[in-house]
Amino acid sequence: MSADAELSSILNRRQQINDALENGENVENTFRNVKRNVYQEFHEFSRKQIKEYQATFNRYDVGQDGYLDLAELKIMMEKLGAPQTHLSLKKMISEVDEDKDGKISFREFLLIYRKAKAGELTSESGLEQLARLTEINVDEVGVNGAKNFFEAKIEEQLRTNKFHDEIRQEQEEKKRAEQEKVLRRAQFQQKAAIFNN
């Protein structure tokens, strides 16, 4: 969207709000697509789980626009073996579509798993089937549902340490892979030198 179009859109929205307020109407809030840190917001999932959910999301985000639209959700549900009607697909989107754009962002995709974990999804609903069929089996760590302030503080500290450990582990794996690459290159150059002589 160009800067002019974006400004025009903002000014039109402001005018609609002003007109509605003058007529005594209730104005519904709309939300801008703001990048949030999903690792902090969805603390009930480990970094590894979120990355695996991201891989699942990306696999079905055929348009690679960062959203699952109606057609992509339809294809996803068919590939998972739980095809849905057009109305069911629209209902699935509306259950998690907080910004009312008619699509599921990655953050809204994570809401499906949060609701499933909390038992907030209707049994055999489209979203419950999606969560169940794409659920990632990763060992759960940490204390859930702290009963008081001190338990909550301990859980927060453990969660922070867990993320730091996961980040450190990822960095070590990258470092190891880089070292192996350098070693393979050196071995190749030694073998290539034999043929050059």
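For clarity, every value in this text was computed on a predicted model and none was experimentally measured. (Residues numbered from 1 in each chain as written. Predicted model: local features only at pLDDT ≥ 70, side-chain atom pairs only at ≥ 80, totals over all residues. Heavy atoms only, no water.)

**Student:** I'd like to hear about the overall build of the protein chain, residue by residue, with values.
**Tutor:** Per the secondary structure count, the protein chain includes eight helices and two strands. Counting from the amino terminus, the protein chain carries its helices and strands in the arrangement α-α-α-β-α-α-β-α-α-α. Here the protein chain holds 197 residues, and the buried ones make up 28% of them. Contacts in the protein chain between residues far apart in sequence, at least 24 positions, make up 52% of those at least 6 positions apart. For the protein chain, the accessible area works out to roughly 14,200 Å², and carbon and sulfur atoms hold 51% of it. (Helix = DSSP H or I, 4+ residues; strand = E, 2+ residues; numbered from the N terminus. Buried < 20%, exposed > 50% of the residue type's maximum accessible area, 1.4 Å probe, protein only. Contact = heavy atoms within 4.5 Å. Areas by Shrake-Rupley, 256 points an atom, 1.4 Å probe, with all protein chains shown as cover.)

**Student:** An account of the packing of helix 3 (residues 47–60) against helix 6 (residues 106–117) is needed here, citing residue identities and associated values.
**Tutor:** Helix packing geometry: the angle between the two helix axes and the distance between the axes. One can describe the packing of helix 3 onto helix 6 by two numbers: an axis separation of 11 Å at closest approach and a directional angle of 115°. Crossing hand, helix 3 versus helix 6: right-handed. Where helix 3 abuts helix 6, its residues Ile50, Tyr53, Gln54, Thr56 and Phe57 lie against Phe106, Phe109, Leu110 and Tyr113. Taken together, the residues of the contact of helix 3 with helix 6 break down into seven nonpolar, two polar and no charged. (Axes fitted to C-alpha atoms, helices over the stretch in contact; angles between N-to-C directions. Left-handed = near helix turned anticlockwise from the far one by under 90°. Nonpolar A, V, L, I, M, F, W, Y, C, P; charged D, E, K, R; others polar.)

**Student:** Can you tell me about the nonpolar core, naming the residues and giving the values?
**Tutor:** Counting residues in hydrophobic clusters, the biggest one holds 28 residues, and the most contacted among them are Leu73, Met76, Met77, Phe106, Phe109, Ile112 and Leu130. Those elements that place two or more of their residues in this core are helix 3, helix 4 (70–79), helix 5 (86–96), helix 6 and helix 7 (126–134). Broken down by element, the residue count for this core peaks at six residues, all from helix 6. With residues near it in sequence (within four places) discarded, isoleucine 112 still touches Val96, Leu121, Leu127, Leu130 and Ala131. (Core = buried A, V, L, I, M, F, W, Y, C linked by side-chain atoms within 4.5 Å.)

**Student:** Outline helix 7, supporting the account with residue identities and numerical values.
**Tutor:** Within helix 7, seven of the nine residues are buried, which leaves it mostly tucked inside the rest of the structure. When we look at burial in helix 7, the residues that qualify are Gly126, Leu127, Glu128, Gln129, Leu130, Ala131 and Thr134. Close packing links the buried residues of helix 7 with helix 3, helix 4, helix 5 and helix 6.

**Student:** Summarise the packing of aromatic side chains; cite the residues concerned and give the values.
**Tutor:** Here the structure, examined in full by the defined rule, presents six aromatic pairs. Geometrically, the ring pair formed by phenylalanine 57 and phenylalanine 106 is edge-to-face, given 5.6 Å between the ring centres and 65° between the ring planes. With phenylalanine 57 in helix 3 and phenylalanine 106 in helix 6, the pair connects residues that are 49 residues apart, well separated along the chain. Summarising the burial analysis for this pair, phenylalanine 57 and phenylalanine 106 share the class buried. (Phe/Tyr/Trp six-rings, centres within 6.5 Å; stacked < 30°, edge-to-face > 60°.)

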